[in-house]
Amino acid sequence: MSNTIIFKSGFITIIGRPNVGKSTLLNQLIGEKLAITSNKPQTTRNQILGIKNLENAQLIFLDTPGIHKTNNKFNKFMVMKAVSTYQNVDIILFMVEAQRPCHIDDLLIIDTFKSVNLPRILLINKIDLIKKETILTTIDSYYKINNFSEFMPISAKDGTGIELLKSTLVKYLPEGPQYFQKDMITDLPEKFFVAEMIREEIIKLTHKEMPYSTAVKIEEFKIRENRTSLIRAIIWVEKKSQKMIIIGKNGHLIKKIGINSRKKIERWLKKPIYLDLWVKVKDSWKKKEKNFDQIF
């Protein structure tokens, strides 16, 4: 009798409307902060690859921008990136909020994968905010719309249902190789996360003044063993008025962004850094597709 252990692996996309908790879920699944989180929608801009290594499986996650109806070129670009993941994954995780009824954008998302022949798991997130009987009503409303493989109530914030979700994902994954080394949690470079940490601070500190007109590009990234490491970054904005908001009166806000970002980056890199931030204007960069890949 064979004692061969079956190893499973595969790619899993996390999709849903803006601000349903996809990035929080990714961080919870991996056990590390890979994606920036905010109470503002549409925070995620890239397909973030997160890797969870289990004893008998390797789960590889893609966190995608929120899918929604839009006429904005930049937002269309992000939605296209999210939908394109279906071609390269083994499981679709569709995330909704337990306390909100089915929205027109939920129907839009379901329409994007209704003809895709993959396991689809409906994640009903934020169950920590509702009464238990509400979950059944939510499940019933989605059951009538699409034939999901599983319906799973979870709380990405406090971790409720996450262990069951991992075991369920393993059940649906195909047998496969270990794509990444066991100590890897992502394939993205360090400077990607540094840029995201800076962008997270901008979102936090500018509130509604600077919704999503900023991008951060790392121009110089020198990690030194026995000396202070150097990171030079450019914060791109669309208008001169936005540049003045980021800089703040007498440079107060850009200084605070720099201090908070530096502390966060130093904790992550576990070494001291010198962070040099510059703010530059790239007129209407969100309206020109050729700019998207250059900035990100």
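Everything quoted here is computed from the prediction, not taken from an experiment.

(A) Highlighting the overall build of the protein chain. If you tally the helices and strands in the protein chain, you get nine helices and nine strands. Scored against the burial criterion, the 296 residues of the protein chain give a buried share of 52%. Across the protein chain, contacts joining residues at least 24 apart in sequence account for 72% of those joining residues at least 6 apart. Roughly 15,400 Å² of accessible area belongs to the protein chain as shown, and the carbon and sulfur atoms make up 51% of that amount.

(B) Region of interest: the side chain of threonine 186. Relative to the helices and strands, threonine 186 is located in the loop between helix H5 (162–172) and helix H6 (190–206). Residue class for threonine 186 comes out buried when judged on its relative accessible area of 15%. In contact with threonine 186, other than residues within four places in its own chain, are Leu34, Leu49, Ile51 and Phe193.

(C) Examining the packing of helix H7 (residues 240–247) against helix H8 (residues 252–269) more closely. Two numbers describe how H7 lies on H8: the axes approach to 5 Å, and their chain directions differ by 60°. Contacts from Ile245, Ile246 and Ile247 of H7 reach H8 at His252, Leu253, Ile254 and Ile257. Split into classes, the residues belonging to the contact of H7 with H8 amount to six nonpolar, one polar and no charged.

(D) Main features of the packing of aromatic side chains. Counted according to the given criterion, the structure contains nine aromatic pairs. Relative to tryptophan 268, the ring of phenylalanine 193 lies with its centre 5.5 Å away and its plane at 45°, an arrangement referred to as tilted. Placement of phenylalanine 193 in helix H6 and of tryptophan 268 in helix H8 is noted, with a sequence separation of 75 residues between them. The class for phenylalanine 193 is buried, based on a relative accessible area of 4%. Linked through ring pairs, Phe94, Phe113, Tyr142, Tyr143, Phe148 and Phe151 together constitute an aromatic cluster.

(E) Fine view of unusual backbone geometry. The phi torsion at asparagine 250 lies on the positive side, around 55°, for a residue other than glycine. Here asparagine 250 shows up in the loop between H7 and H8. Since its relative accessible area comes to 78%, asparagine 250 is described here as exposed. Of note in this structure, lysine 270 is not a glycine but carries a positive phi near 60°.

(F) View of the sheet that holds strand E9 (residues 273–281). Pairing is mixed in the open sheet, where three strands are placed in the order E7-E8-E9. Strand pairing shows two members of the sheet lacking a second neighbour, strand E7 (215–222) and E9, which therefore form its edges. Along the sheet, successive strands turn relative to each other by an average axial angle of 20°, direction set aside. With seven bridges joining them, E7 and strand E8 (residues 229–237) adopt antiparallel strand pairing. Bridge assignment links phenylalanine 221 to a residue of E8, and that residue is isoleucine 231. In this fold H6 packs onto E7, E8 and E9, with an angle of close to 135° to the strand it touches most, E7. Together, E8 and E9 form the strand contacts of H7, whose direction differs from that of E9 by roughly 155°.

Rules behind the numbers
Residues numbered from 1 in each chain as written. Predicted model: local features only at pLDDT ≥ 70, side-chain atom pairs only at ≥ 80, totals over all residues. Heavy atoms only, no water. Helix = DSSP H or I, 4+ residues; strand = E, 2+ residues; numbered from the N terminus. Buried < 20%, exposed > 50% of the residue type's maximum accessible area, 1.4 Å probe, protein only. Contact = heavy atoms within 4.5 Å. Areas by Shrake-Rupley, 256 points an atom, 1.4 Å probe, with all protein chains shown as cover. Axes fitted to C-alpha atoms, helices over the stretch in contact; angles between N-to-C directions. Nonpolar A, V, L, I, M, F, W, Y, C, P; charged D, E, K, R; others polar. Phe/Tyr/Trp six-rings, centres within 6.5 Å; stacked < 30°, edge-to-face > 60°. Pairing = 2+ DSSP bridges.

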